[in-house]
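# Observations on the model geometry
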Amino acid sequence: MIVTVTDRQHIGRGEAVPIKRYNQSVESVLAQIQSMKSEKNLDRRRIQELLPAGAARNALDCALWDLEAKISGKRVWELANIPMVPEVETSFTISLDTPEKMASAAKSSAAAPILKLKLGGDDVDLARVEAMREAAPTARLLIDANESWSPAHYRNVAPALKGLGVELIEQPFPADADELLETLDHPVPICADESCHATADLSRLTNRYEMINVKLDKTGGLTEALRLTERVRESGFKLLIGCMVGTSLSMAPARVLASAADYVDLDGPLLLARDREHGLYYRDGKIGIPSRELWG
């Protein structure tokens with residue numbers, strides 16, 4: 001979904017991806033965006049009050065940031081007063097499959113310094129990671145369980161994953177059952193994804209997670225993501241900047257947050273057949289700075 005806003009002289013754009021996991025569809029997101037058309041004096045502060053966190057607010061919020069940058073002649077990170085480093089290192093996602101096929105995908109991504117493996121909570125999970133480690137012996141490994149594990153599965157595999165050099169496990173349990181993490185050992189740091197959308201979620205995540213995955217399609221835009229990342233640091237969590245599968249227009253606002261992150265997972269355009277014009281610079285696992293023609 002792409003939103004365009006204009007002051008009749010400058011144009012700002014934002015992109016968002018409806019998330020089925022949260023009962024969002026193209027139709028529902030479009031309806032939320034269209035409901036804003038009749039609002040007078042619409043700005044970033046106002047849409048925080050009018051729209052819930054989610055894809056619709058993300059697209060509109062990022063479009064308004066882009067418009068503000070175009071009007072002011074400044075870059076978004078200058079407006080937000082946050083640092084921007086020339087390059088950041090991103091992980092590359094290996095989709096859930098058989099151990100053999102995942103290992104083959106890892107070999108095809110030999111230039112990626114960090115690989116993020118999707119796991120499914122079945123008896124083959126450990127074999128998948130072992131095959132990946134053999135195929136990519138020097139790569140750093142991250143795990144995304146996508147809410148698929150049981151407590152027994154966690155106890156079985158977590159110590160072995162540490163031995164294989166896995167650096168984090170993302171969302172092992174369903175978001176409504178993550179209190180289990182308070183009773184289990186954490187040989188590998190645990191990262192919250194589905195369990196954390198916005199700043200209000202943080203207070204219940206202490207003693208459950210060591211890291212938070214901030215995605216703009218969850219926070220409802222860069223405005224709330226800036227608040228959330230600040231609170232993440234203040235609360236003692238580490239920070240991962242993630243994404244849904246989208247073009248560079250989706251990644252650019254998240255790239256603004258990535259300079260100060262512990263981990264970056266902004267590989268969305270690499271998972272598409274074709275990116276948009278003026279896309280982000282990707283090379284050897286590193287991402288450059290968005291061009292003015294792209295966003296911000």
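Relevant structure appears above.
Remember, predicted model here, so these are calculated numbers, not experimental data.

Further remarks concern the pairing of strand β2 (residues 11-15). Two elements, strand β1 (residues 2-6) and β2, share five bridges in a ladder whose sense is antiparallel. Bridge pairing links V5 to G12 in β2. The turn joining β1 and β2, which pair antiparallel and follow one another in sequence, is formed by four residues; a positive phi near 75° is taken by R8.

Overall, parallel pairing links the eight strands, which are arranged β4-β5-β6-β7-β8-β9-β10-β11 in an open sheet. The open sheet is flanked by β4 (92-94) and β11 (263-264), the only strands paired with a single partner.

Within the secondary structure, D193 is located in the loop between β8 (190-192) and β9 (211-214). On the accessibility criterion, D193 (1% relative accessible area) is buried.

For the structure shown, the criterion picks out 24 salt bridges. The closest approach of N and O atoms between D178 and R204, which form a salt bridge, is 3.3 Å. With D178 in the loop between β7 (166-170) and β8 and R204 in the loop between β8 and β9, this pair connects stretches of sequence that are 26 residues apart. Assessed through its relative accessible area of 1%, D178 is described here as buried. For K218, the salt bridge identified is with D193, shortest N-O distance 2.8 Å. Here K218, found in helix α8 (residues 216-219), pairs with D193, found in the loop between β8 and β9; they are 25 residues apart in sequence, far enough to count as distant.

Moving on to the packing of aromatic side chains. One pass over the structure, following the stated rule, counts two aromatic pairs. Where Y154 meets F173, the ring centres are 5.7 Å apart and the plane angle is 45°; that geometry is what we call tilted. With Y154 in helix α7 (residues 151-163) and F173 in the loop between β7 and β8, this residue pair connects regions lying 19 residues apart in the sequence. With a relative accessible area of 2%, Y154 lands in the buried category.

This part covers the packing of helix α3 (residues 55-72) against helix α9 (residues 222-234). Interhelical geometry of α3 versus α9 gives an angle of 95° and a closest axis separation of 8 Å. In terms of their interaxial angle, α3 and α9 are classed as roughly perpendicular. Facing R57, D61, C62 and W65 of α3, the residues of α9 in contact are L222, T223, E224 and L226. Class assignment of the residues belonging to the contact of α3 with α9 gives a composition of four nonpolar, one polar and three charged.

Reading the values: rules and limits
Residues numbered from 1 in each chain as written. Predicted model: local features only at pLDDT ≥ 70, side-chain atom pairs only at ≥ 80, totals over all residues. Heavy atoms only, no water. Pairing = 2+ DSSP bridges. Helix = DSSP H or I, 4+ residues; strand = E, 2+ residues; numbered from the N terminus. Buried < 20%, exposed > 50% of the residue type's maximum accessible area, 1.4 Å probe, protein only. Salt bridge = Lys/Arg side-chain N within 4 Å of Asp/Glu carboxyl O. Phe/Tyr/Trp six-rings, centres within 6.5 Å; stacked < 30°, edge-to-face > 60°. Axes fitted to C-alpha atoms, helices over the stretch in contact; angles between N-to-C directions. Parallel < 35°, antiparallel > 145°, perpendicular 65-115°, else oblique. Contact = heavy atoms within 4.5 Å. Nonpolar A, V, L, I, M, F, W, Y, C, P; charged D, E, K, R; others polar.

These figures capture arrangement, not role.
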